Amino acid sequence: MSVAPVKSSASTPMRSAMRSLPLVFRRCEDRPVPLCEYSQASSHKLTWRNQNVKPITRRGPQMSQHSTTQQVTFVGIGAIGLPMAARVASAGFELTTVDFSAEQRAAPAQQGLRAEDSAASAATADAVIVMVATGDQLRSAALGSPDQGSAGLLSAMRPGSSLIVMSTVGPEAVQQLSIPATERGITLIDAPVTGGIARAAEGSLRLFVSAEPTAVEQNRTLLESMGGIVECGTEIGDGQSFKAINQLLCSVHIVAAAEALALADRLGLDQAQVLEAVAEGAAGSFMLSDRGPRMLQGQDAQVASAVGIFVKDSSLVSEIASAHGFQAPMLEAARAKYLEAADAGLTRHDDSQVIVTYQP
């Protein structure tokens, strides 16, 4: 999928920058990674709180008294973007989905959603949601590619509208949009999501939201149509930082589950029996209970979250940690396993199949 914002009069096609799972892959560290994320993460409720982190809030599908968003453009209708967009439409918003690929546009069209090959609708939208996979794609979509004759979303959007970044791209990529958005009078909301395709379809994703309180209130009903809001503060980029911690834990927990079940097999134990025995005890985790059964199904397990997602996300978290002088040896060990799985041709397989890397 290639999604272009709004082309200038001297436009040439914007370089392909936003291809979605599972059809098309780009290269990262010489390994193919999917461009639209749909990572699965824990559904455990927050039990620890402080004054800066507010728990998940939901107010149902009705428009709140503060919400003003009505017309929405959704850029990036990949594996998780499509069910998210469908939830937005079902909440009563006037929605336009955007994708240059006719094949990708067919999916929302089949669901009765408006699907267009350019983001021209951003010019009149109250909010534009961007759901891409990398920082480069986000910058290209939001700021455009002058050398390719393409203007960005921020150039097209009207003052007073909101740009909502729901991708996992790291703090810096979103922070780079703050000044251009402010100069245009556009509200910027950092709101990466976690929860996977199933929760996207249910409208029960977890949204790590950082933005000014007025911005959150203005878009609350739109955000809550896709899931529960975890308010992470007012600084743009903090939502991305929360998501980085989330992905560090997910990355490590999946590999730990794979390692444990692989060791059980090496000891001659029945893996299913071991999984049942430990999953509900002190050693249990969401990832063990969720991924464990699919690990035992083998490489034909249904893909709920691809290995390539964790190649991308573990690499992103590694870069974030390194930029802050922080050593994360457990993350690096897990990342090495995802890279090994990718090298074994498992990029598009379910991430549970990282267990294959433990086979002799």
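Residues numbered from 1 in each chain as written. Predicted model: local features only at pLDDT ≥ 70, side-chain atom pairs only at ≥ 80, totals over all residues. Heavy atoms only, no water.

> Please set out the overall build of the chain residue by residue, giving values where relevant.
Helix and strand content of the chain: 14 helices and 15 strands. Taken over 360 residues, the chain has a buried fraction of 54%. Considering only intrachain contacts with a sequence separation of at least 6, the fraction spanning at least 24 residues in the chain is 72%. Surface exposure of the chain reaches about 15,200 Å², of which carbon and sulfur atoms provide 52%. (Helix = DSSP H or I, 4+ residues; strand = E, 2+ residues; numbered from the N terminus. Buried < 20%, exposed > 50% of the residue type's maximum accessible area, 1.4 Å probe, protein only. Contact = heavy atoms within 4.5 Å. Areas by Shrake-Rupley, 256 points an atom, 1.4 Å probe, with all protein chains shown as cover.)

> Explain the environment of Ala 198 to me, using residue names and the numbers behind them.
Along the chain, the position of Ala 198 falls in helix H7 (residues 196-202). Along the primary structure Ala 198 and Ile 80 are separated by 118 residues, whereas in three dimensions their C-alpha atoms are 8.8 Å apart.

> Before we move on, could you go through the packing of helix H13 (residues 307-323) against helix H14 (residues 329-343) and cite the residues and values that matter?
The N-to-C vectors of H13 and H14 enclose an angle of 145 degrees; their axes lie 9 Å apart at closest approach. Two packed elements cross with a definite hand, and for H13 against H14 that hand is left-handed. Between H13 and H14, the contacting residues are Val 307, Phe 310, Val 311, Ser 314, Ser 315, Val 317 and Ser 318 on the first element and Leu 331, Glu 332, Arg 335, Tyr 338, Leu 339, Ala 341 and Ala 342 on the second. In terms of residue class, the contact of H13 with H14 is made up of nine nonpolar, three polar and two charged. (Axes fitted to C-alpha atoms, helices over the stretch in contact; angles between N-to-C directions. Left-handed = near helix turned anticlockwise from the far one by under 90°. Nonpolar A, V, L, I, M, F, W, Y, C, P; charged D, E, K, R; others polar.)

> Summarise the sheet that holds strand E5 (residues 71-75); cite the residues concerned and give the values.
Sheet strands pair via backbone hydrogen bonds, and the direction of the pair is either parallel or antiparallel. Here we have six strands laid out as an open sheet, ordered E7-E6-E5-E8-E11-E12, and parallel in their pairing. Looking at which strands have only one partner, the edges of the open sheet turn out to be strand E7 (114-116) and strand E12 (187-190). On average, adjacent strands in this sheet sit at an angle of 20 degrees to one another, irrespective of strand direction. In this structure, strand E8 (residues 127-130) lies alongside strand E11 (residues 162-165), joined through four bridges in parallel fashion. By the bridge assignment, Val 130 is partnered in E11 with Val 165. (Pairing = 2+ DSSP bridges.)

> Describe the packing of helix H10 (residues 238-266) against helix H11 (residues 271-279), naming the residues involved and giving the relevant values.
One can describe the packing of H10 onto H11 by two numbers: an axis separation of 9 Å at closest approach and a directional angle of 130 degrees. It follows that H10 is oblique to H11 by the angle criterion. With respect to the hand of their crossing, H10 and H11 are arranged in right-handed fashion. Contacts between H10 and H11 pair Leu 261, Ala 262, Ala 264 and Asp 265 from the former with Gln 271, Val 274 and Leu 275 from the latter. Residue composition of the contact of H10 with H11, by class: five nonpolar, one polar and one charged. (Parallel < 35°, antiparallel > 145°, perpendicular 65-115°, else oblique.)

> Explain the environment of His 324 residue by residue, including any values.
Mapped onto the elements of the fold, His 324 is located in the loop between H13 and H14. Classification of His 324 as exposed rests on a relative accessible area of 67%. Looking at His 324, its side chain comes within polar contact range of the main-chain oxygen of Ile 320, at 3.0 Å. (Polar contact = N/O pair within 3.5 Å; in protein donor to acceptor, adjacent residues only side chain to side chain.)

> Could you give an account of the pairing of E11, with specific residues and numbers?
Side chains of E11 alternate between two faces, with Ser 162 and Ile 164 and Leu 163 and Val 165 buried alike. In this structure, E11 lies alongside E12, joined through four bridges in parallel fashion. The residue bridging Ser 162 from the neighbouring strand is Thr 187, located in E12.

> Kindly report on the packing of aromatic side chains, identifying the contributing residues and their values.
Enumeration over the complete set of coordinates arrives at two aromatic pairs. Their ring planes at 35 degrees and their centres at 6.3 Å tell us that Phe 208 and Phe 242 sit as a pair that is tilted. Pair noted here: Phe 208 is in strand E14 (residues 205-209) and Phe 242 is in helix H10, with a separation of 34 residues, a long-range link. Among the residues examined, Phe 208 registers a relative accessible area of 7% and is labelled buried. Relative to Tyr 338, the ring of Phe 310 lies with its centre 5.4 Å away and its plane at 25 degrees, an arrangement referred to as stacked. Here Tyr 338 lies in helix H14 and Phe 310 lies in helix H13, a separation of 28 residues in the sequence. In this pair, the class of Phe 310 matches that of Tyr 338, namely buried. For Lys 337, the ring lying beneath its charged end belongs to Tyr 358, and the centroid distance is 4.0 Å. (Phe/Tyr/Trp six-rings, centres within 6.5 Å; stacked < 30°, edge-to-face > 60°. Lys NZ or Arg CZ within 6 Å of the ring centre and 35° of its normal.)

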